[in-house]
Every structure is written in C-alpha cells, then in structure tokens.
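# Reading the structure
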Amino acid sequence: MEKINLTINGQKVEIEKGATVLEAAQAAGIYVPTLCHDPDLEPYGSCRLCIVEIDGMRGFPTSCTTPATDGMVVRTETPALNEVRRTVLDLLISDHPMDCLTCVKNQRCELQKVAAYLGITERRLPRIEKKVQIDDSNPFFKLDRNYCILCARCVRACDEVTMVNAIDLIYRGFATHVGTFGDKPFMESICRSCGECVVRCPVAALVPKQTTMPTQEVLTTCAYCGVGCTMYLGTRGGQIVSVRGDRNNPASKGRLCVKGRYGSTEYVTHPDRLTSPLIKKNGEFVRATWDEALGFVAEKLATYKPEEVAVISSAKCTNEENYLMQKFTRAVLGTHSIDHCARL
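In short, a report on the structure. (Residues numbered from 1 in each chain as written. Predicted model: local features only at pLDDT ≥ 70, side-chain atom pairs only at ≥ 80, totals over all residues. Heavy atoms only, no water.)

## Looking at the overall build of the protein chain
When you go through the protein chain residue by residue, the secondary structure sums to eight helices and 15 strands. Here the protein chain has a C-alpha radius of gyration of 27 Å; the compact-globule value for 344 residues is 20 Å, and the former is much larger. The principal-axis extent of the C-alpha atoms belonging to the protein chain is close to 85 × 50 × 40 Å. Every one of the 344 residues in the protein chain was classed for burial, and the buried ones make up 40%. A sequence separation of at least 24 residues applies to 55% of the contacts in the protein chain between residues at least 6 apart. For the protein chain, the exposed area adds up to about 20,400 Å²; of that, 55% sits on carbon and sulfur atoms. (Helix = DSSP H or I, 4+ residues; strand = E, 2+ residues; numbered from the N terminus. Rg over C-alpha atoms; globule rule 2.2 N^0.38 Å. Buried < 20%, exposed > 50% of the residue type's maximum accessible area, 1.4 Å probe, protein only. Contact = heavy atoms within 4.5 Å. Areas by Shrake-Rupley, 256 points an atom, 1.4 Å probe, with all protein chains shown as cover.)

## A short note on the packing of aromatic side chains
In the structure shown here, the tally under the stated rule is five aromatic pairs. With 4.9 Å between their ring centres and 10° between their planes, Phe140 and Tyr262 make a pair best called stacked. Residue Phe140 is located in the loop between α3 (110-117) and β5 (141-143), and its partner Tyr262 is located in helix α6 (residues 258-267); the two are separated by 122 residues in the primary sequence. Accessibility expressed as a relative area gives 26% for Phe140, which makes it partly exposed. (Phe/Tyr/Trp six-rings, centres within 6.5 Å; stacked < 30°, edge-to-face > 60°.)

## A closer look at the sheet that holds strand β2 (residues 11-16)
A sheet is described by the order of its strands in space; here four strands give the open sequence β2-β1-β4-β3, paired in mixed fashion. Each of the sheet's edge strands pairs with one partner strand only, and the pair in question is β2 and β3 (53-54). As defined by bridge partners, strand β1 (residues 3-8) adjoins strand β4 (residues 73-75) across two bridges and the pair is classed as parallel. Note that in β4 the partner of Thr7 across the bridge is Val73. (Pairing = 2+ DSSP bridges.)

## Structural notes on the nonpolar core
Grouped together as the largest cluster of nonpolar side chains are 39 residues, with contacts concentrated most on Leu35, Leu89, Leu111, Ile167 and Leu206. Counting only elements with at least two residues in this core, the list comes to α2 (79-93), α3, β5, α4 (153-161), α5 (196-200) and β8 (206-208). Among the elements that line this core, the one with the most residues is α2, at four residues. The contact partners of Leu111, leaving out residues within four places of it in the chain, are Leu35, Leu89, Leu92, Ile93, His96, Ile149, Pro202 and Val203. In this structure, Val13, Ala19, Ile30 and Met72 belong to the second largest nonpolar core, which totals 19 residues. (Core = buried A, V, L, I, M, F, W, Y, C linked by side-chain atoms within 4.5 Å.)

## Concerning the pattern of salt bridges
Counted by the stated rule, this structure contains 15 salt bridges. Note that Arg75 and Glu53 form a salt bridge whose closest N and O atoms lie 3.2 Å from each other. Taken together, the positions of Arg75 in strand β4 and Glu53 in strand β3 put the pair 22 residues apart, joining distant regions of the chain. Looking at Glu53, the relative accessible area reads 16%, which means it is buried. Salt-bridge contacts for Arg75 lead to Asp55; the nearest nitrogen and oxygen are separated by 2.8 Å. (Salt bridge = Lys/Arg side-chain N within 4 Å of Asp/Glu carboxyl O.)

## Description of the packing of α2 against α3
Relative to each other, α2 and α3 sit at 140°, their axes nearing to 10 Å. It follows that α2 is oblique to α3 by the angle criterion. The two elements α2 and α3 meet at a crossing, and its hand is left-handed. Here Asn82, Arg85, Leu89, Leu92 and Ile93 of α2 lie close against α3, whose contacting residues are Leu111, Val114, Ala115 and Tyr117. Within the contact of α2 with α3, the residues separate by chemical class into seven nonpolar, one polar and one charged. (Axes fitted to C-alpha atoms, helices over the stretch in contact; angles between N-to-C directions. Parallel < 35°, antiparallel > 145°, perpendicular 65-115°, else oblique. Left-handed = near helix turned anticlockwise from the far one by under 90°. Nonpolar A, V, L, I, M, F, W, Y, C, P; charged D, E, K, R; others polar.)

## Quick notes on the sheet that holds strand β11 (residues 239-245)
Pairing is antiparallel in the open sheet, where three strands are placed in the order β9-β10-β11. Both edges of this open sheet fall to β9 (216-221) and β11, since each of them pairs with a single strand only. Each neighbouring strand pair of the sheet contributes to a mean axis angle of 30°, computed without reference to strand direction. Two strands pair when backbone bridges link them, and β9 and strand β10 (residues 230-236) are joined in this way by six bridges, in the antiparallel orientation. From the neighbouring strand, Gln216 faces β10, where its bridge partner is Thr235. Lying on the sheet, α6 is in contact with β10 and β11; it crosses β11 at an angle near 170°.

## Some words on the layout of surface pockets
Any empty space left between atoms is shown by rolling a water-sized probe over those atoms. The space that makes up the largest pocket amounts to roughly 1,500 Å³. Counting residues per element, the ones that place at least two in the lining of the largest pocket are α3, α5, β8, β11 and α6. Residue composition of the lining of the largest pocket, grouped by class: 22 nonpolar, 10 polar and 16 charged. (1 Å grid on protein atoms, 1.4 Å probe; cavity = no way out; pocket = protein on both sides within 12 Å on 5 of 7 lines; lining within 4 Å. Points joined across faces, edges and corners; volume = space filled by probe spheres on them.)

## Looking at the pairing of β1
The pairing of β1 with β2 spans six bridges and is antiparallel. Bridging from a neighbouring strand, Leu6 pairs with Val13 of β2.

Here it is as structure tokens:
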C-alpha cells in the first residue's frame, strides 16, 4: 500500500494513501474531538467538531471527510478552532439533560469527554425545554430522545452495518428525531434488536436496559451458532452483566446478533439450562454421565442397519463439528443419509 507523509501540529505523520486527516491524526495519537465519527461507518461530517486548519485550504474543513494528501500541513488545536467547537457544544448542550452524575453513560459519554476537552463547565445559552416520550417497547434497550444529539450514528449503523434500515432521521428542523417508519415504537418496526445502534450511540439516547457495570471481562466465543463470533463477557459477582463484540474477530468484526448480545447474559446461568446428559428411564428423564449417555447411544445405534439410519446436522455447530458428523455417518454408520438443518 502506497504511503504518504503529512504534518499535523508540527509532527511528521506517515499514513496509507486514501486515509482521511482524522484517521491520520488518530494513528499518530493526536486527539481530535468528534461525535459523529465511527470507524465502521462512512464519513459524515455532521457534528462539525473535528474541524481543522489546513494550509492552502479555506475555512475549517472537517477532518473526517477530508482525504489526507502528501505534504499536507494540518493544525488541530488553535484558539479559532476551539472557539467554533465551543459554540457547537453550547448549542448541543442547550437542550441536553445535565444529570451527568446519575446518567447511565457517566464517564463513558463522548459528549462529556468533548466538553471536558474544551473546558466547558457551564451552560452558556438559555435552557431549551425538550420533553420527548421515551420508547421503552424493546425488551433489550430503550430510546430516550431527550438525550439524542442527532449524530445519526445509529441510523447509519442500521443502514451500513446491518442494512435493515429500521430507523432514520424523520421530520425537519427542531422536530427532527430518530424514529422508525411511521414513527412507531421499535417493536412495531422491522428492527431486529441486534443492538448495533446501541453500541454506537455516543450519549445516553440508546442504552441497554441492563446497565450494571462489570468488574472484569472475559474473551470467549458465542455458543449460539457456528459462525464463531468472539465477544467479551463482562462479569460481576459471578453473573454476566454485559456483552460486547470483539473487533479483532475476522468473522464478526465486532458485530453481534440479538442472541449473542442480549441472550448470553441470561442462558448461561439460567436455572432451566441443561448441565448434564439426560436418559429417559421408566418414562422420566434422569441425569447421567457423559460415558453413560454415549454408551447408551452407541448401543442403540448398533441395533440398526445402515439403511435404517439417517442423520441431520445442525447450523449451531462449527464447520469442523459438522465435518466430523458426516465422517461419522459415512465411515462408522455406513450410510450416506445425512443432511443439514439449514436446507430445511
């Protein structure tokens, strides 16, 4: 990949050709405030916080939408830039709740981080009252538009990542807000409850209903299907309280479905979960060891002729497990009568 060189705040930076100025700054460890940028989404440039000064370029271009070029000289930190950023933040917080201490996103809120970076400690513009009804219809997360800053990251994630397009920015002007088709509740829309919008929300507009903070995280593989999505399970007091995708996983790239993101916190410690094999004796299922269960299955299969046996494999298994199942069916049971539930 061809490399280019540019200067940011007097620092020489080498980056791959095609990268944006924001990506070049982030690669060099230079902080540039932003609220609408997400590495998984196309550049948007709506928050106007990542503005920079570039020699030979008029005005303050947004660094997230400006391609880096060889020899470019960029400044990300000047009094003029920060004054514009403070004005933008003043407008955002004029109708934003100021209950940071009790907010579920406290210390994880990107708006809070940018405000601290710019030294904003008070609301300079008159308070604008905005009381919008909360959409609490989804069993896994809620939408509180009173906190929404209209960055559209949730809308773009639903479009670009999941390609479901369940939500959009609807209406115009001061009435603009995130909504579903017909402005109906989430559960009356085509939303798949995957939570990709929730994990990208920079504020507390979209938050999971389970908000307990974990004390540690464990990297594991989701057991719901054979795709192999890895995820970090947040635990606290012996219970799973949070789930987040692993961005380094080549199969999922940090994305999770509704089962992986919201189902894992329940089924692992659910009282109805089977933790050992069961064998039916006298009409009732009784617990058995794995040796007993496998021996019982082998004994029963041995009583059938190859043409009397058929096997159906499962999409919940890995490719390796399904390969072993067909090998066992053909080489051990002596039959080619094997199929896969994904074909049914």
